[in-house]
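# Commentary on secondary and tertiary structure
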Amino acid sequence: MTFEPEQPGQSRTDLAEKLRELRKRAGLTGDRLARRCNMSQSQISKFETGKKTPKLTDVERILQALDAPPEVVAEITTLARIANTEWQDKRSSWRRGMEKRQTELASLEAEATELRYFLPSMMTGLLATPEFIRASLSHTPGDPSKTVARKLERQTVLYDMSKSFTFLLTEQAARWAIVPPPAMAMQIDRLISLSRLPNLRIGVIPTGTEMPRGPMNTFTVYDGRLATVENFTGRMVFRDARDVSEYLAVFALFERHARFDEEARILLQRWAEAYR
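Analysis parameters
- Residues numbered from 1 in each chain as written.
- Predicted model: local features only at pLDDT ≥ 70, side-chain atom pairs only at ≥ 80, totals over all residues.
- Heavy atoms only, no water.
- Helix = DSSP H or I, 4+ residues; strand = E, 2+ residues; numbered from the N terminus.
- Contact = heavy atoms within 4.5 Å.
- pLDDT = per-residue confidence, 0-100.
- Expected span 1.5 Å × (residues − 1).
- Buried < 20%, exposed > 50% of the residue type's maximum accessible area, 1.4 Å probe, protein only.
- Polar contact = N/O pair within 3.5 Å; in protein donor to acceptor, adjacent residues only side chain to side chain.
- Pairing = 2+ DSSP bridges.
- Core = buried A, V, L, I, M, F, W, Y, C linked by side-chain atoms within 4.5 Å.
- Salt bridge = Lys/Arg side-chain N within 4 Å of Asp/Glu carboxyl O.

Attention shifts here to the environment of phenylalanine 219. Relative to the helices and strands, phenylalanine 219 resides in strand β5 (residues 218-222). Remark: the alpha-carbon pair of phenylalanine 219 and alanine 16, spanning 203 residues in sequence, is separated by 29 Å. Leaving out residues up to four positions away in the same chain, phenylalanine 219 has contacts with Arg116, Tyr117, Phe118, Thr228, Val229, Tyr247, Val250 and Phe251.

Next up on the list: the confidence of the model for the chain. Taken as a whole, the chain shows an average pLDDT of 88; of its residues, 92% reach a score of 70 or greater. Ignoring residues within four places in sequence, the model shows residues 1-8, a span with pLDDT below 50, making ten contacts including any to other chains.

Right, let's get into the side chain of threonine 220. Here threonine 220 lies in strand β5. What threonine 220 contacts, discounting residues up to four positions off in sequence, is Arg116, Tyr117, Leu226, Ala227 and Thr228.

With 16 residues, helix α12 (residues 241-256) should cover 22 Å at 1.5 Å per step; its first-to-last C-alpha distance of 22 Å lies within 8% of that length. Taken residue by residue, α12 has Asp243, Val244, Val250, Phe251, Leu253 and Phe254 as its buried positions. For α12, the side-chain oxygen to backbone nitrogen distance between the N-cap and arginine 242 is 3.0 Å, and the N-cap itself is aspartate 240.

On to the pairing of strand β2 (residues 114-119), then. Among the six residues in β2, five count as buried, and that is most of the element. Note: β2 against β5, four bridges, orientation antiparallel. Opposite leucine 115, over in β5, you have tyrosine 222 as the bridge partner.

In this section: the pairing of strand β3 (residues 164-170). On any regular strand, side chains alternate: one points to one face of the sheet, the next to the other face. Taking burial as the measure, the seven residues of β3 include six buried ones, the bulk of the element. Bridge analysis of β2 against β3 gives six bridges, and the strand direction is parallel. In the strand pairing of β3, glutamate 114 is matched with serine 164. Here six bridges tie β3 to strand β4 (residues 200-205), and the two strands are oriented parallel to one another. Bridging across to β4, leucine 168 finds its partner in glycine 203.

Moving on: the nonpolar core. Judged by nonpolar contacts, the single largest core of 42 residues is most densely connected at Leu127, Phe167, Leu169 and Ile202. For this core, the elements supplying multiple residues, two or more each, are α7 (98-111), β2, α8 (130-136), β3, α10 (171-175), α11 (181-194), β4 and α13 (261-275). Broken down by element, the residue count for this core peaks at seven residues, all from α11. When neighbours within four sequence positions are excluded, phenylalanine 167 is seen to be in contact with Tyr117, Leu119, Thr124, Leu126, Leu127, Leu158, Leu200, Arg201, Ile202 and Gly203.

Taken as a whole, this structure holds 18 salt bridges when the rule is applied. Arginine 150 is the salt-bridge partner of glutamate 153, the closest N and O atoms lying 3.2 Å from each other. Taken together, the residues span about one helical turn, with glutamate 153 and arginine 150 both in helix α9 (residues 145-154) at a distance of three residues. Glutamate 255 is the salt-bridge partner of arginine 201, the closest N and O atoms lying 2.6 Å from each other. Remark: glutamate 255 occurs in helix α12 and arginine 201 occurs in strand β4; sequence separation between them is 54 residues. Note on arginine 201: relative accessible area 35%, which makes it partly exposed. Judged by relative accessible area, which is 22%, glutamate 255 ranks as partly exposed. Beyond isolated ion pairs, a larger network of salt bridges with shared partners links Glu111, Asp223 and Arg225.

This next bit is on the environment of lysine 163. Turning to its location among the elements, lysine 163 is positioned in the loop between α9 and β3. Sequence-wise, lysine 163 and glutamate 111 are 52 residues apart; in three dimensions their C-alpha atoms are separated by 9.8 Å. Of the polar contacts made by the side chain of lysine 163, one reaches the backbone oxygen of glutamate 109; its length is 3.0 Å.

Even without being glycine, aspartate 67 reaches a positive phi, approximately 55°. With respect to the element layout, aspartate 67 can be found in the loop between α4 (56-65) and α5 (70-83). Backbone geometry at aspartate 223 places phi at a positive 50°, although glycine is not the residue there. With respect to the helices and strands, the residue aspartate 223 is situated in the loop between β5 and β6 (226-230).

Written out as structure tokens, the structure is:
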């Protein structure tokens, strides 16, 4: 089974139909299956009508209750993983308006209490100065002024003390110059200032740090329930617990190799001075 990123909704529809078909083939009513799975009948109904996407663990319980053969289990669990993954291409974001994407991100940030950002190549907008944000949007079509304003508005979430933030940056991300040297010095100064917030940790990984894994992608983990992974053409959204836990494990690995607090500030100050 292959993943067609242009049709994430189709996989959810297919999953619903397959689950309904398997239940009927087993000669069970929705109520009887629900009791076997220790679920509610309405939950089973929502899964089978596509009103709600089941988690992979829910699907595994249903398949076990139906005594599905191994080849069916393999097919349906693959479909469930796809249904819990969403592809958001960058061109669609441009067509809808980049400021709408900022509203979506603000919603994710509002719902989460523990947020982790892995930044291997470049600064995120939450940490950026206005000049850095404007420069980062120079390649996007249209007037970026609304997006700049929305990104700056999103930064207020950093001062919500009910939330905790951890940002991991490689030296490249901290020093990647998309603005002139004086502006880069100001950008790194902002990192130093933010690192003193009690609910915010900024970790930096200097070039030359011995690491067992390469920093492949920018990603963000919201609590333990959702992860977004970015590349040049768009982003993947993972909702399956096993995928999210894998990103948490990768984050923890890089976190163990990062410098924090005063040690990080000394490095950042050195990098800022190099731009002055």
